[in-house]
Amino acid sequence: MVLSCNQKDNNNLVSKEITAQMILGNENYQAICYGGYRTNSREIQPTVAEIKEDLKILSAINIKFLRTYNVHYEEVSNLLKAITELKKDDEKFEMYVMLGAWIDCKNAWTNLPPIHHEESDRNAIEIAEAVRLTNQYPDIIKIIAVGNEAMVKWATSYYVTPNIILKWVNHLQNLKKENKLPKEVWITSSDNFASWGGGDSEYHVEELNQLYKAVDYISMHTYPMHDTHYNPVFWGIKENELQLSDKEKIDAAMLRSRDYAVNQYNNVMAYMKSIGVDKPVHIGETGWATQSNEHYGNDGAKATDEYKSAQFYNLMREWSNKENISCFYFEAFDENWKDSANPLGSENHFGLINLQNQAKHALWNEVDKGTFKNLTRNGKPITKTYNGDEKALWLDVKMPSSILKN
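What comes next is a walk through the structure.

Parameters at a glance
- Residues numbered from 1 in each chain as written.
- Predicted model: local features only at pLDDT ≥ 70, side-chain atom pairs only at ≥ 80, totals over all residues.
- Heavy atoms only, no water.
- Helix = DSSP H or I, 4+ residues; strand = E, 2+ residues; numbered from the N terminus.
- Rg over C-alpha atoms; globule rule 2.2 N^0.38 Å.
- Buried < 20%, exposed > 50% of the residue type's maximum accessible area, 1.4 Å probe, protein only.
- Contact = heavy atoms within 4.5 Å.
- Areas by Shrake-Rupley, 256 points an atom, 1.4 Å probe, with all protein chains shown as cover.
- Axes fitted to C-alpha atoms, helices over the stretch in contact; angles between N-to-C directions.
- Left-handed = near helix turned anticlockwise from the far one by under 90°.
- Nonpolar A, V, L, I, M, F, W, Y, C, P; charged D, E, K, R; others polar.
- Salt bridge = Lys/Arg side-chain N within 4 Å of Asp/Glu carboxyl O.

Moving on, we get to the overall build of the chain. Counting secondary structure elements, the chain contains 12 helices and 18 strands. Here the C-alpha radius of gyration of the chain, 21 Å, is about what a compact globule of 406 residues would show, namely 22 Å. Summarising its shape, the C-alpha atoms of the chain cover approximately 65 × 50 × 45 Å along the three principal directions. By residue count, 56% of the 406 residues in the chain fall in the buried class. Excluding contacts between residues fewer than 6 apart, the proportion of contacts in the chain whose partners are at least 24 apart in sequence is 72%. Entry remark: accessible area of the chain is about 17,700 Å², with carbon and sulfur atoms responsible for 47%.

When you line up the elements, H282 lands in strand β12 (residues 281-286). The class of H282 is buried, set by a relative accessible area of 6%. When residues no more than four places from it in sequence are discounted, the contact partners of H282 are L24, G25, Y217, I218, S219, M220, Y265, N324, I325 and S326.

Before going further, it helps to spend a moment on unusual backbone geometry. Cis geometry marks the peptide bond from F330 to E331, where omega comes out at 0 degrees. Along the polypeptide, E331 turns up in the loop between β13 (327-329) and β14 (358-359). For W109, which is not a glycine, the phi torsion comes out positive at approximately 60 degrees. Note on placement: W109 falls in the loop between β6 (105-106) and β7 (115-119). Relative accessible area serves as the criterion here: at 54%, W109 is assigned to the exposed category. Although it is not a glycine, N387 adopts a positive phi angle of roughly 55 degrees. Mapping N387 onto the fold places it in the loop between β17 (383-384) and α12 (390-394).

The subject of this paragraph is the packing of helix α2 (residues 48-60) against helix α3 (residues 74-89). Helices that pack against each other are described as a pair by the angle of their axes relative to one another and the distance between those axes. One way to put it is that α2 packs onto α3 with a least axis distance of 9 Å and a crossing angle of 65 degrees. As for the relative orientation of α2 and α3, their crossing is right-handed in sense. For the pair α2 and α3, the contacting residues are V48, I51, K52, L55 and K56 in the first and E75, N78, L79, K81, A82, I83, E85, L86 and D89 in the second. For the contact of α2 with α3, the per-class residue count stands at 7 nonpolar, 1 polar and 6 charged.

Another aspect to go through is the pattern of salt bridges. Throughout the structure, instances matching the rule amount to 22 salt bridges. Among the salt bridges present, the one from E118 reaches K106, with a minimum N-O distance of 3.6 Å. In this pair, E118 is assigned in strand β7 and K106 in strand β6, connecting sequence segments 12 residues apart. Given the relative accessible area of 37%, K106 is considered partly exposed. Among the salt bridges present, the one from K308 reaches D305, with a minimum N-O distance of 2.4 Å. Take K308: its relative accessible area is 0%, and that puts it in the buried class. Ionic contacts of the salt-bridge type, sharing partners, join the residues R38, E53, D54 and R377 into one network.

Listed below in structure tokens is the structure:
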């Protein structure tokens with residue numbers, strides 16, 4: 001049977017002509033941010049065999065769209081090889097990639113003062129490799145993202161001004177016109193909601209408006225978890241909730257957290273429309289860590305634990321699916337290279353599955369359903385954190401201490 005691009009088999013698109021436009025916002029193609037590192041150093045690259053284990057696990061929970069961040073390590077090429085091999089083994093296997101090209105400013109990550117309106121020489125190399133990989137794997141790479149949180153000004157070590165992102169987006173769009181890139185690949189930049197004009201007016205510059213016109217869609221990030229410390233207007237217990245059970249109080253706080261993220265999404269939409277642009281807006285990144293010894297943990301906002309993380313995950317999936325918005329949730333697996341000097345740092349604990357091959361609370365039901373039966377990570381089966389004991393989990397769940405006015 002020959003299927004057209006618009007036909008479906010088992011709710012999944014099966015044509016080789018799949019495009020980003022077809023699968024962004026399609027709830028049958030859930031999205032996630034992926035890194036396969038298993039150690040506290042990126043010097044040790046995940047192998048093709050290890051990545052294939054990860055991909056089978058993610059595919060089992062209907063993840064079919066992965067976001068990566070850079071192309072200067074073997075991890076991405078190994079990922080693309082792993083997907084290719086799995087597709088050869090099983091013609092029904094599907095996995096697509098939003099390929100990140102890392103962008104930063106001149107003197108980034110050095111002892112010299114960063115020059116934000118000039119760019120690193122490395123950027124051109126990164127873009128060229130992204131182009132090469134996209135041409136080599138056009139059936140897998142459906143989006144190229146120019147930069148990751150590369151314009152947001154709190155990224156003081158490396159951020160660039162929007163004209164630099166615009167330069168490379170235009171470059172890639174021109175390559176499409178010249179048939180040097182697949183015409184259907186979508187080009188974007190994945191950045192904080194404020195960088196897309198959804199926050200402070202200091203970002204409302206003409207170069208950003210031009211960038212809106214140049215990209216194929218907008219990929220925006222929203223992190224209520226961080227704002228439980230930095231802007232906790234939604235974080236706490238309301239006066240009229242004081243008589244609720246602890247679970248009900250936390251559920252109410254997590255609903256407000258979801259609404260906070262939705263409001264940031266709506267602010268980006270509003271800014272886009274204010275400049276006369278009408279393009280899709282999807283969530284390039286959001287997540288909620290399960291552990292932290294920093295601002296977000298028990299000595300701070302008391303935001304990070306497995307119950308709250310699971311609530312946020314489920315609420316964001318429910319909302320984004322209902323609104324036909326893709327949500328590249330951060331992230332699939334814990335990676336402890338991100339803050340190797342601080343094992344309890346939140347950056348190491350955003351995964352849905354930890355480094356002990358345990359599904360966190362957000363995925364306990366998948367373990368119960370047998371979703372991961374016969375699947376392994378590092379050769380070991382996927383089990384549940386806390387041995388599946390919810391009472392033990394709740395011992396680590398802390399109540400937000402702030403009282404909010406009704």
